[in-house]
Number of protein chains: 2
Amino acid sequence: MRIVLIGAGNLATNLGKALFHAGHEIVQVWSRTEESARALADVLKCASTTELKEVENTADVFIISVKDSVLSSIASSLKEGREGQLFVHTAGSMPMDTLPFERRGVFYPMQTFSKSKEVDFSVIPCLIEAKREEDLQLLKTLALTISDTVYELDSVNRKYLHLSAVFCCNFANHCYSLGAELLKKHGDIPFSVMLPLIDETASKLYSMSPREAQTGPAVRWDTNVIEKHLQLLADTPDMQKIYELMSKSIHHD
Amino acid sequence: MRIVLIGAGNLATNLGKALFHAGHEIVQVWSRTEESARALADVLKCASTTELKEVENTADVFIISVKDSVLSSIASSLKEGREGQLFVHTAGSMPMDTLPFERRGVFYPMQTFSKSKEVDFSVIPCLIEAKREEDLQLLKTLALTISDTVYELDSVNRKYLHLSAVFCCNFANHCYSLGAELLKKHGDIPFSVMLPLIDETASKLYSMSPREAQTGPAVRWDTNVIEKHLQLLADTPDMQKIYELMSKSIHHD
């Protein structure tokens, strides 16, 4: 397919590369800054621009991958002269109807992207949505060229999926961070000591639900250990509060 | 080495097998129930008993791997007739001095064990401690026969390590559980959709600290998304409270 990429951030970069390697023709990259536009266009062997009015008028799909806060205004600027074209955005928490186009949709690859780290796109789930049935089929076909896991999901349920990802990724990672802080302050053991445990905890989910996989003092409701742990956290009341709330939540789960 | 195993639970089973496969002689297994004692003794090709007074009088090391709540009383029952023998326990949160023996120590393999799932012991960190220097060396030698990662750690710092593990394992897993709950209630997407994200979040820790790896609305302090998420959680106040507390804690990290 002929694709125009609006944006050159982490997600746009990773998505653009995956589409390019799958054999699609990226015809143009737009970015606010010339440096980003050029850098990505070089990799994708295509044209670049920093002017929205110079964006191509036709393509099989226009993929807008920009910050949530500017999505609506950038989309509006692209409307004139591109009636009848298919526009999709890549934002997990933004409704499809943020886009002011008749042919609109969402193409959300759910992953935590960093520009420096190349990702294997084939294992990344793609959540798709479209206003028109034929566009949904087009997005599905496109998604399956780069990912093994493609689901249709409407805007309301996608919000919850995004929220679920905040728990599974950001909040789980913060638990690692709090664990790392404790380790740093007490004894001389590097955080790498926790990696096998962290890996095993994640790996268990391939054979059981997180609820079934739960272990430790909270699920056993071992109040003796819990009390001792709360005492150890007496000088960090925020962490103590998190310990208490998480333990109660595990106990009631 | 000649080893006596007191206990036949998840940890004792996994540890016993690892020691056996490393070429050590497990001379005897004690368990409260005959069934457990026999089952493990069969695998380790050794004798079994359910009577503490029938436990061997000599061995290179006696490993007590029982519930925290009965550790002290079982250890006391073993004291008579075994003076001069080395006893260690395997409990992360119990001080070494819980053991009433002159030659005492701790041998704590830090992992989340399930009886059904065989583990690769070589990647499991072993934390060791001993009252006497020569016993510490003996435990180190023993630990290195089954694990690539062996650290010495005293009882006070081991408490914090155990607490850190609660954050990295139990609390992170509870974040998965809360995420799974959200997904179950909204839309028809299986929890497996989260596994690549969860794996990537864990895998990032091999190249950066959890703090550096953090992404999402809380670290960006995107109050627009955070407010929307809090609204989505309005009907589950406990989860809403956890969302709020975790987001603030990430923001202040």
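For the structure given in this document, a descriptive report is provided here. Throughout this document, residue positions are counted from 1 along each chain, in the order its sequence is written. Whichever chain is written first is A, and whichever ligand is written first is 1; the rest continue in order. Where local features are concerned, this predicted model is filtered to residues with pLDDT of at least 70; where side-chain atom pairs are given and counted, the filter is 80 or more; whole-chain, interface and lining totals use all residues. For the side-chain quantities, the full set of heavy atoms in the structure was used; hydrogens and water were omitted.

## Considerations on the relation of the copies chain B and chain A
Short version of the rule: Least-squares superposition aligns the copies on the C-alpha atoms of those residues with pLDDT at or above 70 in both. Any two residues whose heavy atoms approach within 4.5 Å at even a single point are treated as in contact.
The operation relating chain B to chain A is a screw motion whose rotation component is 180°, with 0.0 Å of axial translation and a residual RMSD of 0.0 Å. The operation mapping one copy onto its partner corresponds to a two-fold rotation axis. Closest to the rotation axis within chain B is the C-alpha of Ala-172 of chain B, separated from it by 2.2 Å. Interface overlap between copies: 100% of the residues of chain B at the interface are likewise at the interface in chain A, consistent with a symmetric, same-surface contact.

## A closer look at the nonpolar core
Just so we agree on the cut-off: What is meant by a nonpolar core is a set of buried Ala, Val, Leu, Ile, Met, Phe, Trp, Tyr and Cys residues, joined one to another through side-chain atoms within 4.5 Å. Buried, partly exposed and exposed residues are distinguished by accessible area as a fraction of the type maximum, computed with a 1.4 Å probe on protein chains only: under 20%, between the cut-offs, and over 50%, respectively.
Membership of the largest hydrophobic core comes to 84 residues, with the highest contact counts inside it found for Met-194 of chain A together with Met-194 of chain B. Aside from chain neighbours lying at most four places away, what touches Met-194 of chain B is Met-110, Leu-161, Ser-164, Ala-165 and Cys-168 of chain A together with Leu-183 of chain B.

## Brief notes about the sheet that holds strand E7 (residues 126–130) of chain B
Residues and elements named next belong to chain B. The test is simple: Only when DSSP finds a minimum of two bridges between them are two strands counted as paired. Helix and strand assignments follow DSSP, with helices taken as H or I runs no shorter than four residues and strands as E runs no shorter than two, numbered in order from the N terminus. Axes here mean lines fitted to C-alpha atoms, for a helix over just the part in contact, with angles spanning 0 to 180 degrees between N-to-C directions.
With respect to topology, 8 strands assemble into an open sheet ordered E3-E2-E1-E4-E5-E6-E7-E8, the strand pairing being mixed. At either margin of the open sheet sits one strand with a lone partner, and together these are strand E3 (47–49) and strand E8 (150–152). Mean inter-strand twist for the sheet, computed between neighbouring axes without regard to direction, equals 25°. The pairing of strand E6 (residues 104–109) with E7 spans 5 bridges and is antiparallel. Counted as the bridge partner of Phe-107 is Ile-128 from E7. In the packing of helix H4 (residues 133–144) onto the sheet, the strands contacted are strand E1 (2–6), strand E4 (61–64), strand E5 (87–89), E6, E7 and E8, and the crossing angle to E7 comes to about 160°.

## Examining the pattern of salt bridges
All names here are of chain A. Here is the rule: Only one rule defines a salt bridge in this text: a Lys or Arg side-chain nitrogen within 4 Å of an Asp or Glu carboxyl oxygen.
Throughout the structure, instances matching the rule amount to 18 salt bridges over all chains. Across the pair Lys-248 and Glu-244 runs a salt bridge, and its minimum N-O distance is 3.2 Å. With Lys-248 and Glu-244 both in helix H10 (residues 237–252) and 4 residues apart, the pair spans about one turn of that helix.

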